[in-house]
Amino acid sequence: SWKALHKVLLNGFSSEREVIRKSSLNALELVLKSKSSNISFLNDVLCSGLPLALGDPCSSVRIAAALCVSHLCDSDWSSIPPSTRRTFCKTVVVALDDRMTTVVNAVLRAVGSMSLLPTFKTSEFLGMVLPNLILTVKADHVLVRQRVTTAIANLLYAQSIDTISSYRTYFLNYQGILIDELISLSNDQDKIASGSIRALGHLYVLLGQGDSRRIRIANTIAKKINQGNAKVRWNACNSIAYMLTWCPSEALLSSNTFVFPSLVTAVVESKNYKVR
């Protein structure tokens with residue numbers, strides 16, 4: 001029963017044996033994947049179980065906890081009080097500074113998942129996580145750079161005009177450094193460039209109309225329409241489509257950018273049907 005499982009998991013989270021703590025989190029991950037959790041169960045897990053596990057002395061337990069967070073869906077998060085969500089988000093942000101690269105990778109995956117959920121499309125969540133993500137983009141580990149660009153891209157993705165408006169207000173202090181870092185990462189390995197190109201497309205929309213930096217971003221993305229692997233090129237095309245969706249009056253296809261000729265070249269010459 002749920003009541004019995006609830007008791008077993010909560011006892012497992014506080015066990016002195018790390019193998020039991022990890023096994024309890026593995027069981028919780030299966031529950032979350034099944035989407036069968038209930039409100040009372042999640043309240044205890046999110047108020048005590050997972051936050052405690054994210055700070056566990058054992059790195060494998062911390063990783064397992066982060067994987068559980070990555071499987072929480074929007075209905076899970078919205079079913080708990082805002083104060084609980086806020087406290088838990090702060091715990092996740094702290095975990096981004098973990099000393100173990102493997103843990104940071106898992107936490108970045110969780111942040112990336114959270115960043116796509118409507119519950120977290122707020123300037124408050126943006127303000128919590130963006131500064132830490134910016135500090136991580138220059139990490140030595142390839143997978144960390146890949147995960148952080150994906151997380152930033154997901155975070156900046158706008159689902160409504162209200163999201164864009166609230167993000168713009170907060171975003172002013174981070175525009176310059178984020179543009180520079182993402183353009184630099186667009187020249188990194190393909191698995192990293194792919195995420196940075198997505199993020200740049202989302203960032204373009206957050207800049208004010210007439211901002212000259214939009215041309216720089218548009219040309220960076222246009223260059224990748226015909227460079228890199230298929231995922232990089234597809235994401236470049238997808239970013240242009242996203243930009244045109246939110247900024248239809250912008251002169252994206254003007255002579256000031258390389259967007260139009262790059263798109264034409266892709267249609268005529270690309271061997272990948274998704275890119276075409």
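Residues numbered from 1 in each chain as written. Predicted model: local features only at pLDDT ≥ 70, side-chain atom pairs only at ≥ 80, totals over all residues. Heavy atoms only, no water.

Participant: What is the right way to read the overall build of the chain from this model?
Facilitator: Within the chain, the secondary structure is distributed over 15 helices and zero strands. Over its C-alpha atoms the chain spans a radius of gyration of 20 Å, differing by no more than 12% from the 19 Å that the globule rule assigns to 276 residues. Referenced to the eigenvectors of the C-alpha coordinate spread, the extents of the chain come out at roughly 65 × 35 × 30 Å. Relative to its 276 residues, the chain shows a buried fraction of 50%. Partitioning the contacts of the chain with sequence separation of at least 6, the portion at a separation of at least 24 is 71%. A total accessible area of about 12,700 Å² is found for the chain, and carbon and sulfur atoms account for 55% of it. In the chain, 30 positive and 19 negative side-chain charges are present, and the distance between their average locations comes to 5 Å. (Helix = DSSP H or I, 4+ residues; strand = E, 2+ residues; numbered from the N terminus. Rg over C-alpha atoms; globule rule 2.2 N^0.38 Å. Buried < 20%, exposed > 50% of the residue type's maximum accessible area, 1.4 Å probe, protein only. Contact = heavy atoms within 4.5 Å. Areas by Shrake-Rupley, 256 points an atom, 1.4 Å probe, with all protein chains shown as cover. Lys, Arg positive; Asp, Glu negative; His and termini not counted. Charge placed at Lys NZ, Arg CZ, Asp CG, Glu CD.)

Participant: What is the right way to read a nonpolar patch on the surface from this model?
Facilitator: Residues Phe 260, Val 264, Val 267 and Val 268 make up a contiguous nonpolar surface patch of roughly 380 Å² in combined accessible area. One can find Phe 260 in helix α15 (residues 259–269). (Patch = residues over 30% accessible without salt bridge, like charges linked within 9 Å, V, L, I, M, F, W, Y side chains within 5 Å. Salt bridge = Lys/Arg side-chain N within 4 Å of Asp/Glu carboxyl O.)

Participant: It is not clear to me how the environment of Ser 15 should be interpreted in this structure. Could you clarify?
Facilitator: With respect to the element layout, Ser 15 can be found in the loop between α1 (2–13) and α2 (18–34). Taking the C-alpha atoms as reference points, Ser 15 and Ile 225, 210 residues apart in sequence, are found 52 Å from one another. Engagement of the side chain of Ser 15 in a polar contact is seen with the backbone nitrogen of Arg 17, the distance being 3.1 Å. (Polar contact = N/O pair within 3.5 Å; in protein donor to acceptor, adjacent residues only side chain to side chain.)

Participant: What should I look at first to understand the nonpolar core in this one?
Facilitator: Counting residues in each nonpolar core, the largest one holds 85 residues, and the members touching the most others are Leu 25, Leu 50, Trp 77 and Leu 133. Not counting the four nearest positions on each side in its chain, Leu 50 is found in contact with Leu 25, Leu 28, Val 45, Ala 65, Cys 68, Val 69, Leu 72 and Phe 88. (Core = buried A, V, L, I, M, F, W, Y, C linked by side-chain atoms within 4.5 Å.)

Participant: How should the side chain of Thr 119 be read in this particular structure?
Facilitator: Residue position: Thr 119 is located in the loop between α7 (101–115) and α8 (123–136). Once residues lying within four places of it in the same chain are set aside, the contact partners of Thr 119 are Asp 74, Trp 77, Ser 78 and Arg 85.

Participant: So what exactly am I meant to see when it comes to the packing of helix α9 (residues 142–156) against helix α11 (residues 175–185) here?
Facilitator: Geometry of a packed helix pair, given as the angle between the helix axes and the separation of the axes. Relative to each other, α9 and α11 sit at 130°, their axes nearing to 12 Å. By the angle between their axes, α9 is oblique relative to α11. Classified by chirality, the crossing of α11 by α9 is left-handed. Note on element contacts: α11 touches α9 through Leu 178, Leu 182 and Leu 185, opposite Arg 145, Thr 149, Ile 152 and Leu 156. Counted by class, the contact of α9 with α11 contains five nonpolar, one polar and one charged residues. (Axes fitted to C-alpha atoms, helices over the stretch in contact; angles between N-to-C directions. Parallel < 35°, antiparallel > 145°, perpendicular 65-115°, else oblique. Left-handed = near helix turned anticlockwise from the far one by under 90°. Nonpolar A, V, L, I, M, F, W, Y, C, P; charged D, E, K, R; others polar.)

Participant: I keep staring at α11 and nothing clicks. Help me out?
Facilitator: For an α-helix, 3.6 residues make a turn, and residues three or four places apart therefore share a direction. For α11, the full list of buried residues reads Gln 175, Leu 178, Ile 179, Glu 181, Leu 182, Ile 183 and Leu 185. On its buried side, α11 packs onto α8, α9, α10 (161–171), α12 (190–206) and α13 (213–224).

Participant: Looking at this model, I keep getting lost on the packing of aromatic side chains. Mind explaining?
Facilitator: Two measures describe an aromatic ring pair: the distance that separates the ring centres and the angle between the ring planes. Overall, the coordinates contain four aromatic pairs when judged by the stated rule. Cluster of aromatic residues (ring-pair linked, three or more members): Trp 77, Phe 88, Phe 120 and Phe 125. Over the face of the ring belonging to Tyr 204 we find Arg 214, whose NZ or CZ atom lies 4.7 Å from the ring centre. (Phe/Tyr/Trp six-rings, centres within 6.5 Å; stacked < 30°, edge-to-face > 60°. Lys NZ or Arg CZ within 6 Å of the ring centre and 35° of its normal.)

Participant: Even after reading the chapter, I still don't get the environment of Ala 153, so can you show me in this structure?
Facilitator: Of note, Ala 153 is situated in helix α9. Between the C-alpha atoms of Ala 153 and Ser 196, which are 43 residues apart in sequence, the distance is 7.0 Å.

Participant: How should I be thinking about the side chain of Glu 181 in this particular structure?
Facilitator: With respect to the helices and strands, the residue Glu 181 is situated in helix α11. Exposure remark for Glu 181: the relative accessible area of 14% places this residue in the buried category. Each residue touching Glu 181, except ones within four places of it in the same chain, is listed here: Val 137 and Lys 138.

Participant: Sorry if this is basic, but what is going on with the state of the cysteines here?
Facilitator: Here is the idea: a disulfide is a covalent bond, and it sits between the sulfur atoms of two cysteines. Summed over the entire model, instances satisfying the criterion amount to zero disulfides. Considering cysteine sulfurs only, Cys 73 is the nearest to Cys 68, which forms no disulfide, with 13 Å between them. Judged by relative accessible area, Cys 68 falls into the buried class, the value being 0%. Cys 237 supplies the cysteine sulfur nearest to Cys 247, a cysteine that is in no disulfide, at a spacing of 18 Å. (Disulfide = S-S within 2.5 Å.)

Participant: Help me out: how do you make sense of the packing of α11 against α12 in this one?
Facilitator: Following both chains from N to C, one finds α11 and α12 inclined at 150°, their axes separated by 8 Å at the closest point. It follows that α11 is roughly antiparallel to α12 by the angle criterion. Seen from above, α11 lies across α12 with left-handed handedness. Here Gln 175, Leu 178, Ile 179, Leu 182, Ile 183 and Leu 185 of α11 lie close against α12, whose contacting residues are Ile 192, Ala 193, Ser 196, Ala 199, Leu 200, Leu 203 and Leu 206.

In short, the description is geometric, and any link to function would need to be established separately.
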